Amino acid sequence: MSNRIERINAEIKKQLAPIISEELSDPRIKGMVSIVKVDTDSDLSVCKVYLSVLGADGEEKQVVEAISNAEGYIKNILKKRVILRSLPELRFFLDDSIQYGIKISQILNDINN
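A short tour of the structure in this document, coming up.

Cut-offs and rules
Residues numbered from 1 in each chain as written. Predicted model: local features only at pLDDT ≥ 70, side-chain atom pairs only at ≥ 80, totals over all residues. Heavy atoms only, no water. Core = buried A, V, L, I, M, F, W, Y, C linked by side-chain atoms within 4.5 Å. Buried < 20%, exposed > 50% of the residue type's maximum accessible area, 1.4 Å probe, protein only. Helix = DSSP H or I, 4+ residues; strand = E, 2+ residues; numbered from the N terminus. Contact = heavy atoms within 4.5 Å. Pairing = 2+ DSSP bridges. Axes fitted to C-alpha atoms, helices over the stretch in contact; angles between N-to-C directions. Salt bridge = Lys/Arg side-chain N within 4 Å of Asp/Glu carboxyl O.

All right, on to the nonpolar core then. Note on soluble globular proteins: their nonpolar side chains tend to be buried together. Counting residues in hydrophobic clusters, the biggest one holds 28 residues, and the most contacted among them are Leu51, Ile67, Ile74 and Phe92. At the level of elements, α1 (3–23), β1 (32–40), β2 (46–54), α2 (60–69), α3 (71–81) and β3 (89–94) are the ones that each hand at least two residues to this core. For this core, the element with the highest residue contribution is α1, accounting for 6 residues. Ignoring sequence-local partners within four residues, the contact set of Ile74 consists of Leu16, Ile19, Leu24, Ile67, Leu90 and Phe92.

Given below as structure tokens:
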């Protein structure tokens, strides 16, 4: 991955975090949402945003769906904060690697006990 794409990923991640946590007022967004990874295609057409949702108790997919539904609103705010000729299309995905890691840790602790 080129330095330019890495810088774009970092800037999009930095600017998306406060938008999702502070500016979205959808009641379906529960718990703490954090951005795990941002992956922009080399042609800047699509930006995949991987989200981790903690504290939603089984409603993680609904939270990501609510954020996906607000993609147009998020993109309009992001256009003002990230200077690019064309902002890539945002696609949001649930990243369950944190929950998977916790589950593996619990299994290992059970084995050791």
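What follows deals with the sheet that holds β3. Pairing is mixed in the open sheet, where 3 strands are placed in the order β1-β2-β3. The sheet is open, and its two borders are formed by β1 and β3, each paired with just one other strand. For this sheet, the mean inter-axis angle between neighbouring strands, taken without regard to orientation, is 30°. Against the sheet, α1 engages β1, β2 and β3, with an angle of about 160° to β1.

Our next topic: the environment of Asp95. Looking at the element boundaries, Asp95 is found in the loop between β3 and α4 (97–112). It is 9.8 Å that separates the C-alpha atoms of Asp95 and Ser34, two residues lying 61 residues apart in sequence. Beyond its immediate sequence surroundings of up to four residues, Asp95 is in contact with Val36, Tyr50, Leu51 and Ser52.

With that out of the way, let us pick up the pattern of salt bridges. Scanning the model with the defined rule gives 4 salt bridges in all. With a closest N to O distance of 3.3 Å, Glu89 and Arg91 form a salt bridge. Given the relative accessible area of 36%, Glu89 is considered partly exposed.

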